[in-house]
2 protein chains.
Amino acid sequence: MASKLPSSRSKSTLSITSKVVTLQTSDEACGPCKRDNSEDYAFCWCIDCAEGLCSDCEKHHKKSKTSITHRLIPLLKLKDISDFLRNFTQTCCDHTGGSFTFYCKSHDKLCCPGCVTIHQKECHEIITLGEASVDAKKNGKIEDLGLRMKEALTTLNELENHKKDNIGMINAQRNGIRTTLSEMRRKVNDYLDSLEMRIEEKLLQAHKECIEKLETQTKDLEKRTETLKTWQSDITMVKDYGSDTHSFVMSKSLENLMTELETFNRRSTENFVGLNLSFVTSTTFENLQNTVHALGEISVNKSSTELIITPRKSARIKSKLIVK
Amino acid sequence: MASKLPSSRSKSTLSITSKVVTLQTSDEACGPCKRDNSEDYAFCWCIDCAEGLCSDCEKHHKKSKTSITHRLIPLLKLKDISDFLRNFTQTCCDHTGGSFTFYCKSHDKLCCPGCVTIHQKECHEIITLGEASVDAKKNGKIEDLGLRMKEALTTLNELENHKKDNIGMINAQRNGIRTTLSEMRRKVNDYLDSLEMRIEEKLLQAHKECIEKLETQTKDLEKRTETLKTWQSDITMVKDYGSDTHSFVMSKSLENLMTELETFNRRSTENFVGLNLSFVTSTTFENLQNTVHALGEISVNKSSTELIITPRKSARIKSKLIVK
Ligand SMILES: [Zn+2]
Ligand SMILES: [Zn+2]
Ligand SMILES: [Zn+2]
Ligand SMILES: [Zn+2]
Ligand SMILES: [Zn+2]
Ligand SMILES: [Zn+2]
Ligand SMILES: [Zn+2]
Ligand SMILES: [Zn+2]
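Remember, predicted model here, so these are calculated numbers, not experimental data.

What counts and what doesn't
- Residues numbered from 1 in each chain as written.
- Chains lettered and ligands numbered in written order.
- Predicted model: local features only at pLDDT ≥ 70, side-chain atom pairs only at ≥ 80, totals over all residues.
- Heavy atoms only, no water.
- Helix = DSSP H or I, 4+ residues; strand = E, 2+ residues; numbered from the N terminus.
- Buried < 20%, exposed > 50% of the residue type's maximum accessible area, 1.4 Å probe, protein only.
- Salt bridge = Lys/Arg side-chain N within 4 Å of Asp/Glu carboxyl O.
- Pairing = 2+ DSSP bridges.
- Least-squares fit on C-alpha atoms with pLDDT ≥ 70 in both.
- Contact = heavy atoms within 4.5 Å.
- Axes fitted to C-alpha atoms, helices over the stretch in contact; angles between N-to-C directions.
- Phe/Tyr/Trp six-rings, centres within 6.5 Å; stacked < 30°, edge-to-face > 60°.
- Polar contact = N/O pair within 3.5 Å; in protein donor to acceptor, adjacent residues only side chain to side chain.
- Donors = N, O, S within 2.8 Å, 3.2 Å for Na, K, Ca; no water.
- Tetrahedral: all angles 85-135°; square planar, octahedral: opposite > 155°, others 65-115°.

Asks: What is the right way to read the overall build of chain A from this model?
Replies: Secondary structure assignment for chain A yields 10 helices and 9 strands. Of all 324 residues assigned to chain A, the portion counted as buried reaches 41%.

What follows is the structure, given as structure tokens:
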């Protein structure tokens, strides 16, 4: 158990180390001291107990019977230890606090004393953890596990790449759809522009024809009016200056001409032909809103494919997409 | 007959007059002198012969038996005489050169001697032009003709006004159609804009959903990769620093975790689900060019109406349009 104030020797050593530790492991505390409500910086890490130890506790840990075999690693290495390993305890999840002490070969399972009572009934190959662990570091099993991990890593990378490719593709598809949309819209606008121009031309033409016809008719009426006015002045002139005979002959001639004019006037008034320009909207165009409800539909489709990741050939990975 | 060079007296008179004449009647020549291949300016106008006379010829015209009754008017009045009156001859169109000498009451027709031979067979009321013309200027017939003319003039004016109204209406109709067209076009554009916005929103939403899903999956893969990497480092750490037992227990735990991961990997590769954004054009929108052939049709319609022109009430004219 460490005193609250370490000896001047260890203190000086600790202060140097703790600086490094502080930087690299963020104030790792000594496990045993903490449980004793004391406080001290860890100096090393017991990989078996999964906790830090101060220099004082380290000494006791090394000579204590229960922890004499425990492996200690320098605190500097701690940064390479994951939370998983840090929190890894060799205890059973099914039986609280039960340390793994056995190994059932039939079930390939670590057993705490609690587990053993269950396995014993039917399993005949329960051995101690010590027996099971003989040569564990040398029998190649760890290397096998390492290979499986490497392979899984490759697969995960491959999957991640495909997901990222998919993101890129989705972006490209969105851009493509945007281009298609604006292209479609442009085409329809061009088409409607052409229809508008066509009807504008027709309107221009029809208007021109109407105006020309009406102006011709107006000119004819003006001419008739002009002629009639000269007759009025002529008959006055003849009455004022001419003889009775001249007046009589002139009257008779004008009477005939007037009869003609009156016939024209009667026909024109009885059946006055007016011109009207009209526009009838195309029903298909008018119903556009009822027939065209959308420019189209956006859909998200899932495509299932099998990724072929060439097994084991670590470095180069061949992947093949097979659309199901 | 006038000499080519008029006497000094008449010349001076003429020169003054001719200036006025020139300005007002554009070089009216003397008819008799012209026929004698001589040339002289007219001084007055014989309304019966319908030609100009120089002062010399005028004197002879006034005392000659055949023209003693002819009415002469001052040349200044000539501007008020129409081409119709100028060219008016009291001769028959059916018999060349035949002057009107008779009047057939049955047919209300002026007759030359040639005509009389035809009418005589059946008509019993042929009288001389002299008899027929008695009081021609006083019997009110000319006034009647004047009223008919006035009425016809009113009708012609009315017709002309209606034609001009029609021109105004046609212009207004053209402008109205133009407004309608641009209004229609604006509406359709607004509608297509709204459809475009709607599909843009859908695209945005679908894209967002895809990306979110893929990023979640990518993050999961990254997390698994990260975890796997810590396992790799952990197993190495345990192998390097831990006991055989620790290594064995760790291996067994990791084997189980690896089996889980490998199952996940196998499932993910065997059935890799890719997402695809796609756009399907609405067929109605795509077929727009096949369904909408025009914005509409321009047509010119004739409307027949009866113009009611209130008769005789000279000044104010009431006109009513009755659509037939
Ligand atoms: Zn320990
Ligand atoms: Zn301690
Ligand atoms: Zn257990
Ligand atoms: Zn068992
Ligand atoms: Zn005469
Ligand atoms: Zn003359
Ligand atoms: Zn007759
Ligand atoms: Zn005749």
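Asks: Looking at this structure, I do not really get the pattern of salt bridges. What am I missing?
Replies: Once their charged atoms are close, side chains differing in charge can pair, the charge on each being opposite to the other. Scanning the entire structure with this criterion turns up 32 salt bridges over all chains. The shortest N-O distance in the salt bridge between Glu183(A) and Arg186(A) comes to 3.0 Å. With a gap of 3 residues between them, Glu183(A) and Arg186(A) both fall in helix 7 (residues 141-241), about one helical turn apart. Note on Glu183(A): relative accessible area 37%, which makes it partly exposed. The class for Arg186(A) is partly exposed, based on a relative accessible area of 42%. The residue Lys252(B) makes a salt bridge to Glu255(B) at a minimum N-O spacing of 3.3 Å. On the criterion of helical spacing, the pair formed by Lys252(B) and Glu255(B) is a turn pair, its members being 3 residues apart in helix 8 (residues 244-270). Exposure class is identical for Lys252(B) and Glu255(B). Each is buried. One network of salt bridges, with partners in common, ties together Asp108(A), Lys252(B) and Glu255(B).

Asks: Could you clarify how one ought to interpret the pairing of strand 7 (residues 272-281) of chain A in this entry?
Replies: For a regular strand, side-chain orientation follows a simple rule: the groups alternate between the two sheet faces. In terms of residue burial, strand 7 of chain A counts as a mostly covered element, since 7 of its 10 residues are buried. Sheet analysis places strand 7 of chain A next to strand 8 (residues 296-307) of chain B, joined by 10 bridges and oriented antiparallel. Bridged to Thr281(A) within strand 8 of chain B is Gly296(B).

Asks: What is the right way to read the relation of the copies chain B and chain A from this model?
Replies: The relation between the two copies of this chain is a rotation about an axis and a shift parallel to it. Here chain B sits on chain A after a turn of 180° about the axis and a move of 0.0 Å along it, with an RMSD of 0.6 Å. Taken together, the rotation angle and the small translation identify this as a two-fold axis. By C-alpha distance to the rotation axis, the residue of chain B lying nearest is Asn189(B), at 3.7 Å. The fraction of interface residues of chain B whose copies in chain A are also interface residues reaches 99%, indicating that both copies meet through the same surface.

Asks: For this particular structure, what's the right way to read the sheet that holds strand 6 (residues 126-128) of chain B?
Replies: Pairing between the strands of a sheet comes from backbone hydrogen bonds, and it takes one of two forms, parallel or antiparallel. Residue and element names in this part refer to chain B. Read across the sheet, 3 strands follow the order 5-4-6 without closing on themselves; strand pairing throughout is antiparallel. Both outer strands of the open sheet, strand 5 (109-111) and strand 6, are each paired with one neighbouring strand and no more. The average angle at which neighbouring strand axes cross in this sheet is 30°, direction not considered.

Asks: Got a minute to help me understand the packing of aromatic side chains in this structure?
Replies: Aromatic rings in a pair are described by how distant their centres are and how their planes are angled relative to each other. With the rule as written, the count across this model stands at 6 aromatic pairs over all chains. Aromatic side chains Tyr103(A) and Phe248(B) sit 5.0 Å apart centroid to centroid with 85° between the ring planes, which places their arrangement in the edge-to-face category. With one member in each of two chains, Tyr103(A) in strand 4 (residues 102-104) and Phe248(B) in helix 8 form a pair that bridges those chains. There is no split in this pair, since Tyr103(A) and Phe248(B) are both buried. Grouped by ring-pair contacts, the aromatic residues Phe84(A), Phe88(A) and Trp231(B) constitute a single cluster.

Asks: Would you take a moment to explain the interface of chain B and chain A for this structure?
Replies: Accessible area lost upon the coming together of the parts serves often as the stated size of an interface. Residue-level contacts link 150 residues of chain B with 149 residues of chain A. Put simply, chain B and chain A have 16 salt bridges between them. Salt-bridge contacts for Glu200(B) lead to Arg178(A); the nearest nitrogen and oxygen are separated by 3.6 Å. Counting across the chain B and chain A interface gives 71 residue pairs in polar contact (both at pLDDT 80 or more).

Asks: Would you mind going over the coordination of the zinc ion (ligand 5) with me for this structure?
Replies: Residues and elements named next belong to chain B. For the zinc ion (ligand 5), every protein donor is listed as Cys46 (SG), Cys49 (SG), His61 (NE2) and His70 (ND1), and the spread of their distances is 1.9 to 2.2 Å. Note that the zinc ion (ligand 5) binds 4 donor atoms; their angles at the metal cover 100 to 115°, and the shape is tetrahedral. Written as a sequence motif, the donor arrangement for the zinc ion (ligand 5) is C-x2-C-x11-H-x8-H. Look at Cys46 and you get buried, because its relative accessible area is 0%.

Asks: Honestly, the coordination of the zinc ion (ligand 7) in this entry has me stumped. Any pointers?
Replies: As a benchmark, a tetrahedral metal site with four donors has ideal angles of 109.5 degrees, while an octahedral site with six donors has ideal angles of 90 or 180 degrees. The protein atoms that coordinate the zinc ion (ligand 7) are Cys104(B) (SG), His107(B) (ND1), His119(B) (ND1) and Cys123(B) (SG), at distances spanning 2.0 to 2.4 Å. Coordination geometry of the zinc ion (ligand 7): the 4 donor atoms subtend angles of 93 to 116° at the metal centre, consistent with an arrangement described as tetrahedral.

Asks: How should I be thinking about the side chain of Asn166(B) in this particular structure?
Replies: On the secondary structure map, Asn166(B) appears in helix 7 (residues 141-241). The class for Asn166(B) is buried, based on a relative accessible area of 4%. Excluding its chain neighbours within four sequence positions, the residues that come into contact with Asn166(B) are Leu214(A), Val273(A), Gly274(A) and Leu275(A).

Asks: Just checking my understanding: could you explain unusual backbone geometry for this structure?
Replies: Among all residues except glycine, the phi angle is most often negative; among peptide bonds, the trans geometry is most common. Its identity as a non-glycine residue notwithstanding, Asn37(A) has a phi of 60°, on the positive side. By the element assignment, Asn37(A) lies in the loop between helix 2 (31-35) and strand 1 (44-46). Using a relative accessible area of 71% as the deciding quantity, one classes Asn37(A) as exposed. Even without a glycine there, the phi angle at Asp108(B) is positive, about 45°. Look at Asp108(B) and you get partly exposed, because its relative accessible area is 37%.

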